[in-house]
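# Descriptive analysis of the structure
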Amino acid sequence: MRNHTRLMIALASILGTVSPSWASPAEDKIAAARKTIQAKADSPDAYAALAMALAARARETSDPDYYAQGEAEIARALKLDPNNLAAHRARIWLALGKHEFASARELAVALNKKVPDDLLTYAFLTDANVELGRYDDAENAADWLLRLRPGNVPGLTRAAYLRELYGDIEGALELMQKAYAGTPPGEKEELAWIMTHVSHLHLVAGNVPYAEMAANEALRLFPDYHYALAALAKVRTRQGRHADAAVLFEKRYEGARHPENLYDLAMALHESGKKDEARAAFAEFEKSARAEMNTADNSNHELVAYYAGVGANPAEALRIASMEMERRQDVMTLDAYAWALYANGRNQEARNAMRRALGVGVRDPRVREHAKAIDAAGE
């Protein structure tokens, strides 16, 4: 990749200006919003700010209970002012956080019609459309976001993600560099999230040392951050250090006890030769993932991978993949569907589904590995 050394040097110079802190930006914002509410109990903006801060804390901790708390604050804001822009923004952001992507898109489209120059609404439209696989609509929303205010951080991060989907990893890294530079130093979690994604991009490009550097920097900025622990674990997996990856995935799961996180841990245990521990982890994963299978925030991609692989139930893999395809048809869902078809010997259908996924331009190693296996299969 051209210029990746320059990019990391530039990031390193920016990183040197940021002092690490264990303080939670979201907790500070929650406290500030509650203080404002104590002084002005009739301020809908204060309740909306509290809802957004609670959603930020949900991302910091991966604890969905914060979304429920946020919804209660949005209800209070809208009761005071049904047209409050900040409350409607928060409502969409919480829907995205809960993976209610179709609902989030519907709400964002409606708000965009009322307030056509609101930056965050375009950001949310981009997010929802990406998750649903409506990439043309996502690109249009991201384009408007950057036209309205060139160089804004929400626009840069959304554009970076689209660049990645389209296969332009270097362009995505450049945009993330700009987003990092434009993020206030106090926003530790946001900075760590950006560096986590920088790690992911380098790993996609095969630049393992840079991926490791970025993941470690994310952990320096926000110690034990669950996204950064996963990023470093994936680096260890790429390095063939499966036991080390398992330790990191276990630490991530301790702080963010979601089934998809347990699946990563089970796979790392399996690859490191700890078969009994892996078997127990897979069993617990299957039980907890099936319990949320029909909810919006599910682990169905991981269930498909499990049943198509070590779970040895290809028919169930295809049933779940087909169910998820009814919800959304983004690249990763198409990949899961293609892999389930392949596991059932329906190779031509698998190739057709994978062709749709690859048509976007995605370079994700797992998708490419699946595509290679499917392409090599007979009719």
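Residues numbered from 1 in each chain as written. Predicted model: local features only at pLDDT ≥ 70, side-chain atom pairs only at ≥ 80, totals over all residues. Heavy atoms only, no water.

## Regarding the packing of helix α16 (residues 275–291) against helix α17 (residues 300–308)
For clarity, the cut-off: Fitted lines through C-alpha atoms serve as axes, helices being fitted only where they are in contact, and the angles separating the N-to-C directions of these axes extend from 0 to 180 degrees. Helix and strand definitions follow DSSP, with helices as H or I runs of at least four residues and strands as E runs of at least two, each counted in order from the N terminus. In what follows, roughly perpendicular refers to angles from 65 to 115 degrees, roughly parallel to angles under 35, roughly antiparallel to angles over 145, and oblique to any angle outside these ranges. A crossing counts as left-handed when the near helix is turned anticlockwise from the far one by less than a right angle, and as right-handed when that turn is clockwise. Note on contacts: a residue pair is in contact if any heavy atoms of the two residues lie within 4.5 Å.
Running from N to C, α16 and α17 point in directions that differ by 135°, and their axes come no closer than 10 Å. Put simply, α16 runs oblique to α17. Along this stretch, α16 crosses α17, giving a crossing that reads as left-handed. On α17, the residues that touch Phe282, Phe285, Glu286, Ala289 and Arg290 of α16 are Glu302, Leu303, Tyr306 and Tyr307.

## Quick word on the pattern of salt bridges
For clarity, the cut-off: Whenever a carboxyl oxygen of Asp or Glu lies within 4 Å of a side-chain nitrogen of Lys or Arg, that contact is scored as a salt bridge. Burial here depends on accessible area, computed with a 1.4 Å probe over protein chains only, as a share of the maximum for the residue type. Under 20% is buried, over 50% is exposed, and the range in between is partly exposed.
The full count for this structure, using the stated rule, is 27 salt bridges. With its nearest N and O atoms 3.4 Å apart, the salt bridge here joins Glu27 to Arg57. Here Glu27 is found in helix α2 (residues 25–39), whereas its partner Arg57 is found in helix α3 (residues 44–61), with 30 residues between them in sequence. Classification of Arg57 by relative accessible area gives buried; the value is 15%. We note a salt bridge from Arg134 to Asp137, for which the minimum N-O separation is 3.0 Å.

## Examining helix α11 (residues 188–205)
Our working definition: Multiplying 1.5 Å by the helix residue count minus one yields the expected span of that helix.
Helix length check: α11, at 18 residues, gives a terminal C-alpha distance of 26 Å against a target of 26 Å (1.5 Å per residue), a fit within 8%. α11 sits mainly inside the fold: 14 of its 18 residues count as buried. One or two positions beyond α11, positive phi appears at Gly206, with a value near 85°.

## Some thoughts on unusual backbone geometry
One non-glycine residue with positive phi stands out, namely Ser62, at about 65°. Locating Ser62 in the fold gives a position in the loop between α3 and α4 (65–80).

## Here we look at the packing of aromatic side chains
For any pair of aromatic rings, the description rests on two quantities: the centre-to-centre distance and the angle between the ring planes. Note the threshold: Each pair of aromatic rings taken from Phe, Tyr and Trp, with Trp reduced to its six-membered ring, is defined by centres within 6.5 Å and is described as stacked if the planes are under 30 degrees apart, edge-to-face if over 60, and tilted in the remaining cases. Geometrically, a lysine NZ or arginine CZ counts as sitting over a ring once it is within 6 Å of the ring centre and also within 35 degrees of the ring normal.
Scanning all chains against the criterion turns up 10 aromatic pairs. Consider the rings of Trp93 and Phe124, whose centres lie 5.3 Å apart with planes at 25°: the pair is stacked. Of this pair, Trp93 sits in helix α5 (residues 85–97) while Phe124 sits in helix α7 (residues 119–132), and the two are 31 residues apart along the sequence. Summarising the aromatic geometry, the rings of Tyr122 and Trp144 are spaced 6.2 Å apart at their centres and angled 15° between planes, so their arrangement reads as stacked. Pair noted here: Tyr122 is in helix α7 and Trp144 is in helix α8 (residues 135–148), with a separation of 22 residues, a long-range link. The aromatic ring of Trp144 is capped on one face by Arg147, whose charged end is 5.3 Å from the ring centroid.

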